[in-house]
Amino acid sequence: MDWVLGHLDDIGSYTVQHAWLAGVPLVLGLLIAVPLGWLSRQYNWLYTPLVVGTGLLYTIPSLALFILMPLLLGTTILDPLNVVVAMTIYTLALLVRTVADALRSVPDSVTASATAMGLRPLRRLFTVELPLAVPVISAGMRVAAVSNVSIVSVAALIGVPQLGSLFTDGFQRDFLDPIVSGLVACVVLALLFDLVIVAATRLLTPWLRTGAPTGRAA
Amino acid sequence: MNAVLTWLTDGAHWQGYDGILQRTWEHVWYSAIALAIAAALAIPLGLWVGHTGRARFLAVNLTGALRAVPSLGLLFASIMVLGSRLDGELATLVPTELVLVVLAVPPILAGAYAGVEQVDAAARDAARGMGMRGSEVLFKVELPCALPLISSGLRSAALQVVATATLAAAVGLGGLGRFLLDGLAVRDYAQMAGGAILVAALALLIDLVASTLQRVVVSPGLTGKTDRRDNALRRLKTTAAS
């Protein structure tokens, strides 16, 4: 406990770095997954190559992907950009399938009514289909958030500073306190991400909170 | 990129106690032990949770919480706590396996209980109606019907374990992670990238084998393949009759 109090500054800045390295890819991944998911719904033949192809990316071990990034991006090995791009790839691997399946689960009658009301495909996507897909997409985001927070810590092995650095520091100095504080900070950060996503989902889907009585009547 | 290819195709890198073949074998070995232990723990537990509906809340939240624990930190912590009490290679092997088991349990457990839970209630009722006892319902109806989800849980556990077994090298064990970390230490980029390609290829290969196994093990009645076979059979019978 003394160690934690003496190193609040370090833990704080590591946590901010960690949140940044795990959070930015989460948003970027979602922004790329939505158009890809939409394409795979519009053009059926794209579904399998897109969903399976991006899913395969998840099989690449994180340490391997971090190390391969400079080869693809032309960056140096210590560049945090490697981690951001690698984490975006992992987020994408989880979310493309989620978004595609979420859009597909929107009932045909709803899409047809929207079309009949004169909504063009893009307007229909943003005002009808995406809002209805939010609960499913949010479930996928929660999985991706927890997995991102955990995977980012591996980047400490290639020297990119974040909470994982507490693990490598502690291990090198044979000192348990930094490792345990890092573990706790990671779990707390994952919980925070989860809370933010759950709160955002509640804000975006007000009808789910008031919809209970109609559900019972049906 | 050429340097990476040269490294991968150099025969000398494949042989010996620190060659690619030996490292791949170690990697598969670490992963297999962890998966076997995790499956032995999580499948019976998951079946029990799914069958009885007991401790479901605990199972859901435990698997969620375990997923949030970063493996690297857990590995270092368990080496420091357990490692000092063990001798020789066991001092690093046991903590590493522990971390891989912790990683593999949540997806297997989730697959097992979700698999049993999603079994058609009508099938379960029919089995009871035929006079099956609880254990018979579980093993003759629920388990076969749950196989697709159990197997997909095992597959995602296998992927994560193979990926994370790379970290064994960070505590001085072997496995394919050696190439990544040894290359990193001496800035030998070809070795690092070569090792990275090897781990990714191994993970893909294992997933391919697992998906083939899944197709063999899962009853055709669950995958809709019977339709095609039944149709073919019917066609054969009608041609024979005419």
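Because the structure is predicted, anything quoted here is derived from the model rather than measured. (Residues numbered from 1 in each chain as written. Chains lettered and ligands numbered in written order. Predicted model: local features only at pLDDT ≥ 70, side-chain atom pairs only at ≥ 80, totals over all residues.)

Turning our attention to the overall build of chain B. In terms of regular secondary structure, chain B is built from 11 helices and zero strands. Helices and strands appear in chain B in the N-to-C order α-α-α-α-α-α-α-α-α-α-α. Along the three orthogonal principal directions, the C-alpha set of chain B runs to about 70 × 50 × 25 Å. Within chain B, buried positions represent 42% of all 242 residues. (Helix = DSSP H or I, 4+ residues; strand = E, 2+ residues; numbered from the N terminus. Buried ≥ 20, exposed ≤ 12 C-beta atoms within 10 Å, placed from the backbone.)

What follows deals with the overall build of chain A. The helix and strand inventory of chain A stands at 11 helices and zero strands. Based on the C-alpha atoms only, the size of chain A along its principal axes is roughly 65 × 45 × 20 Å. When each of the 218 residues of chain A is scored for burial, the buried share is 41%. Taking the intrachain contacts of chain A between residues at least 6 apart in sequence as the baseline, contacts between residues at least 24 apart amount to 70%. (Contact = placed C-beta atoms within 7 Å.)

Here we come to the UniProt feature "domain: ABC transmembrane type-1" (unreviewed entry) in chain B. Within this numbering scheme, the UniProt entry marks residues 24–210 of chain B as carrying the feature "domain: ABC transmembrane type-1" (unreviewed entry). In residues 24–210 of chain B, helix accounts for 82% and strand for 0%; the two terminal C-alpha atoms are 18 Å from one another. (UniProt positions renumbered as here; feature names shortened; annotations may be inferred.)

Turning our eyes to something else, we now look at the UniProt feature "transmembrane region" (unreviewed entry) in chain B. This chain's UniProt record puts "transmembrane region" (unreviewed entry) on residues 28–50, 62–86, 98–116, 160–181 and 193–213 of chain B. Within residues 62–86 of chain B, the helical portion is 76% and the strand portion 0%, while the C-alpha atoms at the span's ends are 28 Å from each other.

Inspection of the secondary structure assignment puts L71(A) in helix α4 (residues 62–73). Put simply, L71(A) and I179(A) are 108 residues apart on the chain and 31 Å apart in space, counted from C-alpha to C-alpha.

Turning our eyes to something else, we now look at the packing of helix α5 (residues 90–117) of chain B against helix α7 (residues 134–164) of chain B. Residue and element names in this part refer to chain B. Viewed as axis vectors pointing N to C, α5 and α7 meet at an angle of 160 degrees, and their least axial separation amounts to 7 Å. Between α5 and α7, the angle is such that the two are roughly antiparallel. Seen along the crossing, α5 lies across α7 with a hand that is right-handed. The residues of α7 that touch α5, namely those facing L100, L103, A104, P107, I108, A110, G111, A112, A114, G115 and V116, are E142, A146, L149, I150, S152, G153, L154, S156, A157, Q160, V161 and T164. (Axes fitted to C-alpha atoms, helices over the stretch in contact; angles between N-to-C directions. Parallel < 35°, antiparallel > 145°, perpendicular 65-115°, else oblique. Left-handed = near helix turned anticlockwise from the far one by under 90°.)

Locating H13(B) in the fold gives a position in the loop between α1 (2–9) and α2 (20–52). For the pair H13(B) and Q191(B), spaced 178 residues apart in sequence, the C-alpha separation works out to 9.6 Å.

This part is about the nonpolar core. Counting residues in hydrophobic clusters, the biggest one holds 124 residues, and the most contacted among them are V149(A), A38(B), A104(B), I108(B), A112(B), V161(B) and L180(B). With 14 residues, the top contributor of residues to this core is α7(B). Discounting residues that sit within four places of it in the chain, A104(B) has contacts with A34(B), L35(B), A38(B), A157(B), Q160(B) and V161(B). (Core = buried A, V, L, I, M, F, W, Y, C linked by C-beta atoms within 7 Å.)

A separate point is the packing of helix α4 (residues 71–82) of chain B against α5(B). Residues and elements named next belong to chain B. As a packed pair, α4 and α5 sit with axes 9 Å apart at the nearest point and diverge in direction by 145 degrees. Regarding α4 and α5, the two cross each other, and that crossing is right-handed. Within the contact between the two elements, α4 uses S71, L74, L75, S78, I79 and L82 and α5 uses T92, V94, P95, T96, L98, V99, V102 and L103. For the contact of α4 with α5, the class distribution of residues is 10 nonpolar, four polar and no charged. (Nonpolar A, V, L, I, M, F, W, Y, C, P; charged D, E, K, R; others polar.)

On to the confidence of the model for chain B, then. On average, residues of chain B score 86 in pLDDT, and 92% of them are at 70 or above. As scored by the predictor, the complex reaches a pTM of 0.83 and an ipTM of 0.83. (pLDDT = per-residue confidence, 0-100.)

Attention now moves to the interface of chain B and chain A. Often the size quoted for an interface is simply the accessible area lost on bringing the parts together. The partner chain A presents 31 residues to the 28 residues of chain B that form the contact. Those elements giving two or more residues to the side of chain B that touches chain A turn out to be α3 (56–68), α4, α7, α8 (177–185) and α9 (189–217) of chain B. Counting residues per element, the side of chain B that touches chain A draws most heavily on α9(B), at eight residues. Within the side of chain B that touches chain A, the residues separate by chemical class into 22 nonpolar, four polar and two charged.

Bringing α8(B) into the picture now. For α8(B), the tally of buried residues reaches seven of nine residues, placing the bulk of the element in the interior. All of the buried residues along α8(B) are G177(B), R178(B), F179(B), L180(B), L181(B), G183(B) and L184(B). In this structure, the buried side of α8(B) is in contact with α4 of chain A together with α2 and α9 of chain B. Note on α8(B): the residue one or two positions beyond its end, R187(B), has a positive phi of about 55 degrees.

All names here are of chain A. You can see L78 is positioned in the loop between α4 and α5 (80–104). In this structure the C-alpha to C-alpha distance between L78 and G159, which are 81 residues apart in sequence, comes to 6.2 Å. Apart from the residues lying within four places of it in its own chain, the contact partners of L78 are G159 and V160.

For D174(A), which is not glycine, the phi torsion reads 55 degrees and is therefore positive. Its 10 C-beta neighbours within 10 Å are what place D174(A) among the exposed residues. A positive phi angle, near 55 degrees, is found at R187(B), a position not held by glycine. Its location among the elements puts R187(B) in the loop between α8 and α9.

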